[in-house]
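Each chain, letter by letter, is given below.
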Amino acid sequence: MTAYVVNKYGDSNVFEDRTVETPSPDDDEVLVEVAATSVNPIDAKIRRGDLPDLSPLLPAILHGDVAGTVAAVGSKVTKYNVGDRVFGLAGGVTDYPGALAEYTVTDETLLASVPENIDFEAAAALPIAGLTAWEMVVNEAAIQSENQVLVHGGTGGVGHFAVQYAAATGADVVATVSSAEKADQAGNLGATDTANYETESVQAYTAEYASSGGFDVVIDTVGDENLARSFEAVAPYGTVVSTESSSVPRPDLLHEKALSLNLVLTIVPLLTDEPLSRLQEGLKNLSKHTSAGDVSPLIDSVYELSDVEQAHRRAEHPDRIGKVVLEN
Ligand SMILES: NC(=O)c1ccc[n+]([C@@H]2O[C@H](COP(=O)([O-])OP(=O)(O)OC[C@H]3O[C@@H](n4cnc5c(N)ncnc54)[C@H](OP(=O)(O)O)[C@@H]3O)[C@@H](O)[C@H]2O)c1
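This section reports on the structure supplied with the text. Since this is a predicted model, take the numbers as computed values, not measurements.

Let us look at the site of the ligand. Near the ligand there are 24 residues, and of these K45, S178, K182, Y197 and T266 occur at the shortest range. A distance of 3.0 Å separates an oxygen atom of the ligand from a polar atom in the side chain of T243. Here the ligand has 920 Å² of accessible area as a free molecule, and 82% of this is covered by the chains. Among the residues forming the shell around the ligand, the class breakdown is seven nonpolar, 12 polar and five charged. Looking at which domains feed residues into the shell around the ligand, each of domain 1 (2–126 + 272–327) and domain 2 (130–263) supplies at least three.

What the second largest pocket holds in volume is close to 160 Å³. Surrounding the second largest pocket, E135, E140, L263, V264, L265, T266, V268, P269, E274, P275 and R278 form its lining. Among the residues forming the lining of the second largest pocket, the class breakdown is six nonpolar, one polar and four charged. Domain assignment of the residues forming the lining of the second largest pocket places at least three in each of domain 1 (2–126 + 272–327) and domain 2 (130–263).

A few words on the nonpolar core. F87, L100, I143 and I219 are the most contacted members of the largest nonpolar core, which has 77 residues in total. The greatest single-element share of this core, amounting to seven residues, is contributed by helix α3 (residues 127–140). When we break this core down by domain, the ones giving at least three residues each are domain 1 (2–126 + 272–327) and domain 2 (130–263). When residues no more than four places from it in sequence are discounted, the contact partners of I143 are V137, V149, A166, T169, A171, V217 and I219. L150, V174, A233 and L254 belong to the second-largest nonpolar core, a separate cluster that totals 16 residues.

Conventions and cut-offs
- Residues numbered from 1 in each chain as written.
- Predicted model: local features only at pLDDT ≥ 70, side-chain atom pairs only at ≥ 80, totals over all residues.
- Heavy atoms only, no water.
- Near = heavy atom within 4 Å.
- Polar contact = N/O pair within 3.5 Å; in protein donor to acceptor, adjacent residues only side chain to side chain.
- Areas by Shrake-Rupley, 256 points an atom, 1.4 Å probe, with all protein chains shown as cover.
- Nonpolar A, V, L, I, M, F, W, Y, C, P; charged D, E, K, R; others polar.
- Domains from an automatic or database assignment.
- 1 Å grid on protein atoms, 1.4 Å probe; cavity = no way out; pocket = protein on both sides within 12 Å on 5 of 7 lines; lining within 4 Å.
- Points joined across faces, edges and corners; volume = space filled by probe spheres on them.
- Core = buried A, V, L, I, M, F, W, Y, C linked by side-chain atoms within 4.5 Å.
- Buried < 20%, exposed > 50% of the residue type's maximum accessible area, 1.4 Å probe, protein only.
- Helix = DSSP H or I, 4+ residues; strand = E, 2+ residues; numbered from the N terminus.
- Contact = heavy atoms within 4.5 Å.

So yeah, pure geometry; function would need other evidence.
Set out below in structure tokens:
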């Protein structure tokens, strides 16, 4: 089969077409004929060599998100048959080969059926970003209809799903964005209001949109140095949930307001012995909300798999809104 491999770390031009052996599924695994995949920041970080602990051995097949058709099943697979339309997590981290190829294998627990109301391109935009939004909004913050919620990065991969998951609860959702076009998109996704993080101060938008001295919950898909802004925007006793925390500034600010800081790492079950069933639950939840129309992926652009260099370049462009998808 053809795979698009990385044999050295670097810019988006490091991908090479190679003919490699088509993988065969182990007992619990499914062979998926890849119809589509999407770019997540983790793919670009691994490609650049920024995440040595998560990087597969080179030459590596990257990309965690997959949607496609079941081509073969292992002897113990019970949920799927050849020909089923599935989406989920392929790997692309540590020793799990990813989806930038004609075929990929993955555990049946890391897949769900593609909802009937979406195509493969949309399904491929769901897994990592959608599961992360589910972890943040549903599992960690347990957002309720009476909450006032701030989502940083309201049109990013994770943020646009977080806005929709939070809005589906009936909560008031304010999204931060960097342009008028992104503000419009965040409004279409269900944000009640938006704030331009480049021109409006945290103090100003918090005073304008939060009624109890801050937001009950801040969903921070930027993290790191942005955490200080989240601590400023959240109300006393509130919750900040973040995807990134290479440094947590000023823990005293957490203490001053008696805040909770919850950190997510969606792929924990792929890196540890934690059960994969948590990811299965998230995929089913994504499927359910997508079928109901509460959650729908915002797709910036679609490229051929062979144009992976251009797809990664677009994914790293600041004008991008939502997800970059590749189709086979
Ligand atoms: N821990 C995990 O399990 C996990 C899972 C998925 C992703 N992640 C990480 O989470 C981060 C987000 O992932 P993603 O897929 O959403 O990435 P993305 O699609 O690139 O989105 C990033 C978002 O951050 C916004 N942003 C950048 N600087 C900002 C600031 N100062 N204030 C407010 N918003 C700002 C951008 O807004 P504009 O476009 O308006 O500039 C964009 O919407 C990445 O670092 C990724 O690696 C972690």
